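For reference, the chains in residue letters:
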Amino acid sequence: MMKLEGALYPWRFRLMLGLLALMVGAIVWRIFDLQVVDRDFLIGQGDARSLRHIPIPAHRGLITDRNGEPLAVSTPVTTLWANAKELQVAKDRWPELAAALGQDRKALTERLEAQANKEFIYLVRGLTPEQGQQVLDLKVPGVYGIEEFRRFYPAGETTAHMVGFTDIDDHGREGVELAYDEWLAGVPGKRQVIKDRRGRLIKDVQVTKNAKAGKPLALSIDLRLQYLANRELRNAIIENGAKAGSLVIMDVKTGEILAMVNQPTYNPNNRRNLQPAMMRNRAMIDVFEPGSTMKAISMSAALETGRWKPSDKVEVYPGTLQLGRYTIRDVSRSEGPVLDLTGILINSSNVGMSKVAFDIGGETIYHLAQKIGLGQPTGLDFPGERVGNLPNYREWKKAETATLSYGYGLSVTAIQLAHAFSVLANNGRMVPLSLIHVDEAPKATQVIPEKVAKTIQGMLQQVIEAPRGVFRAQVPAYHVAGKSGTARKTSVGTKGYAENSYRSLFAGFGPMSDPRYAIVVVIDEPSKAGYFGGLVSAPVFSKVMSGTLRLMNITPDNLPPTQQANAGPPAAAVKANGGRG
Ligand code: 59J
């Protein structure tokens, strides 16, 4: 039988043998292919799946005030993450994990089930290292920790707009944190680790690149002045039922911004209920018409022409001036039908200022406003900073000349206004603005002749000290100078100005024996008793200037005679400048 069958099907046997040989050949060739031809490629692929680089966070540079007080500090925190795939095998330990994390058991369970095939999910970010270690000590499989840094802002809302904040990945998002991000950030390092096929960390191999820490940054601001400014501005906003406000203190000799605060503000350490209005650094990103504070600049331009001196007289009667169908009005009744230039400032006469402006021409005022920084870039490049607008005309018509002279038709920021007044205070010398502490005063540019600046200083001192002056701006024991302003706000939607919303302004400097500090106060829409700048903003100027001079140990230049004897010799410079009218 066997023989018979074998003889019957010899071809079948040979076919099977041939097929087998072919299969063996194919296998041998594949082995050769994998082991020899594709060897390097496959080893590389395998290693890539297990040898990984994980970043080492760099310590972010400390931000301090000018005296080294910390304003933004990076503290080490532990972030816990999970390999959710791996966690699926330890379902029994989830309740324990939820409890340790302080999270809701059901919520965590749902999350881990929904993301069951993810190899990386955050469990919680930014725990204190102790809290993080407690959870890690439970040794729940698939739960890991990474070291990170988190920013803390010790002065909270007081420095919020200036300092800004970082996002959860420690990148600058606002303020100085954003503007100087590269300087502060440093460079993260790299660590090589081996992970298995399921992403479990097997071995810490080596640090391949050390993290490079960010650099520290000392700001120009003085935290004590910042507290003072914030407190007084906040109180004034509440008392006057105002919508918002800004306050800037400048060192006129170094160009440093010593304080910059805004209301409303926010706590950068807890940003959960943040509203956009709180985040605005209004002193730099809100523009407004400077109103009568502009008269200090226009009057400087008039003096600089040499055509005008403080005692020159202008008729302001009857308190209005018709320009075609446009009427210029004085709001308060002046002390007489004729005013000298100082009187125009004291009475804040729009009519008087306009007549001076017609004589010198709008372009003359325009050029000084431009030189002194109004509506011009500050060079600070602060995030969101606005430039404002100072329009030029080919031909300056009377209406345009007049409105510019008393502060309308142009828009400025509070910082620009403070800078402009700092030039008047610094005897006509302009120093670039700085948000960073400067060791040596940078080079100044003489933008107004010294003689003109000193004359305007005396006139602005009279604005505060004359019998009809803005007495609320006076500072006990010191001579100071300044100008108030009350500007109708332009109303959105309608063409022109709102009947009942105002911006109350005050800009000034002191002490007059040797002016060091310029302060600008902006209060937006006061809604209680009054709204005049001389009523609402001048008292804030007085309190903040008073505190500044005291904190900076500036010798009083206006002590009553008896006290002066006790306080030792009076400042020598008082005579030189203090009594000027
Ligand atoms: C004013 C303006 C609006 C714009 C007017 C204030 C003009 C004007 C068109 C009416 C209140 C008011 C371009 S007021 O700042 O003159 O020092 O505290 O808003 O005049 O022409 O019911 N300042 N303010 N004017 N506009 N346009 C005075 C003055 C000023 C004061 C008070 C009285 C205005 C003492 C303002 C101050 O100097």
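The structure we're discussing is the one just above.
Residues numbered from 1 in each chain as written. Predicted model: local features only at pLDDT ≥ 70, side-chain atom pairs only at ≥ 80, totals over all residues. Heavy atoms only, no water.

S.K.: How should I be thinking about the site of the ligand in this particular structure?
M.R.: For the ligand, the set of nearby residues contains 21 residues, the closest of which are Ser292, Ser348, Tyr406, Ser484 and Arg488. Tyr408 places a side-chain nitrogen or oxygen 2.9 Å from an oxygen atom of the ligand. Considering the ligand on its own, with 750 Å² of exposed area, one finds that the protein chains cover 85% of that surface. Given that more than half its atoms are within 2 Å of the pocket grid, the ligand belongs to the largest pocket. (Near = heavy atom within 4 Å. Polar contact = N/O pair within 3.5 Å; in protein donor to acceptor, adjacent residues only side chain to side chain. Areas by Shrake-Rupley, 256 points an atom, 1.4 Å probe, with all protein chains shown as cover. 1 Å grid on protein atoms, 1.4 Å probe; cavity = no way out; pocket = protein on both sides within 12 Å on 5 of 7 lines; lining within 4 Å. Sits in = over half its atoms within 2 Å of the grid points.)

S.K.: Is there a simple way to explain the packing of helix 16 (residues 350–360) against helix 18 (residues 398–405) in this structure?
M.R.: Contact pair helix 16 / helix 18: the axes reach a minimum separation of 8 Å and the direction vectors enclose 125 degrees. The orientation of helix 16 with respect to helix 18, classified from their angle, is oblique. Of the two possible hands of crossing, helix 16 and helix 18 adopt the one that is right-handed. Where helix 16 approaches helix 18, its residues Met353, Ser354, Ala357 and Phe358 are matched on the opposing element by Lys398, Thr401, Ala402 and Ser405. When the residues that make up the contact of helix 16 with helix 18 are grouped by side-chain class, the tally is four nonpolar, three polar and one charged. (Axes fitted to C-alpha atoms, helices over the stretch in contact; angles between N-to-C directions. Helix = DSSP H or I, 4+ residues; strand = E, 2+ residues; numbered from the N terminus. Parallel < 35°, antiparallel > 145°, perpendicular 65-115°, else oblique. Left-handed = near helix turned anticlockwise from the far one by under 90°. Contact = heavy atoms within 4.5 Å. Nonpolar A, V, L, I, M, F, W, Y, C, P; charged D, E, K, R; others polar.)

S.K.: Quick question: what am I supposed to make of the packing of aromatic side chains here?
M.R.: A ring pair, where both rings are aromatic, is described by two values, the distance of the centres and the angle of the planes. For the structure shown, the criterion picks out 12 aromatic pairs. Geometrically, the ring pair formed by Phe120 and Tyr122 is edge-to-face, given 5.1 Å between the ring centres and 85 degrees between the ring planes. One aromatic cluster in this structure is built from Trp81, Phe120, Tyr122 and Tyr144. Its end group placed over the ring of Tyr122, Arg125 keeps NZ or CZ at 4.3 Å from the ring centre. (Phe/Tyr/Trp six-rings, centres within 6.5 Å; stacked < 30°, edge-to-face > 60°. Lys NZ or Arg CZ within 6 Å of the ring centre and 35° of its normal.)

S.K.: How should I be thinking about the side chain of Asp312 in this particular structure?
M.R.: Mapping Asp312 onto the fold places it in the loop between helix 14 (295–305) and strand 11 (313–315). Overall, the relative accessible area of 18% leaves Asp312 in the buried class. Polar contacts involving the side chain of Asp312 include one to the main-chain amide nitrogen of Lys309, which spans 2.8 Å. With residues near it in sequence (within four places) discarded, Asp312 still touches Arg307, Leu339, Asp340 and Leu341. (Buried < 20%, exposed > 50% of the residue type's maximum accessible area, 1.4 Å probe, protein only.)

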